[in-house]
Amino acid sequence: MILEKHRGKWEIKYNEKNVAAKNLWNTVAAQFMPTVHHLNDEETVLAFEV
């Protein structure tokens, strides 16, 4: 719901060691076909537009 209320460009960053966050954001963002940026071994950013 939050993404639908706040349309625009989104960037979500999570730590690869946080499995719950990784699963949550990859599931939520999947429908928007995000671009995945691996900043380093631990940090990943999902960039997408709603």
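Residues numbered from 1 in each chain as written. Predicted model: local features only at pLDDT ≥ 70, side-chain atom pairs only at ≥ 80, totals over all residues. Heavy atoms only, no water.

A. Fine view of the sheet that holds strand β3 (residues 43-49). With respect to topology, 3 strands assemble into an open sheet ordered β1-β3-β2, the strand pairing being antiparallel. A single partner strand is all that each edge strand has here, and the edge strands are β1 (9-15) and β2 (35-38). Averaged over all pairs of adjacent strands, the angle between their axes in this sheet comes to 20°, without regard to strand direction. Note: β2 against β3, 4 bridges, orientation antiparallel. Each bridged residue has a counterpart across the sheet, and for His 38 the counterpart in β3 is Thr 44. Running at roughly 160° to β1, helix α2 (residues 19-29) makes contact with β1 and β3 of the sheet. (Pairing = 2+ DSSP bridges. Helix = DSSP H or I, 4+ residues; strand = E, 2+ residues; numbered from the N terminus. Axes fitted to C-alpha atoms, helices over the stretch in contact; angles between N-to-C directions. Contact = heavy atoms within 4.5 Å.)

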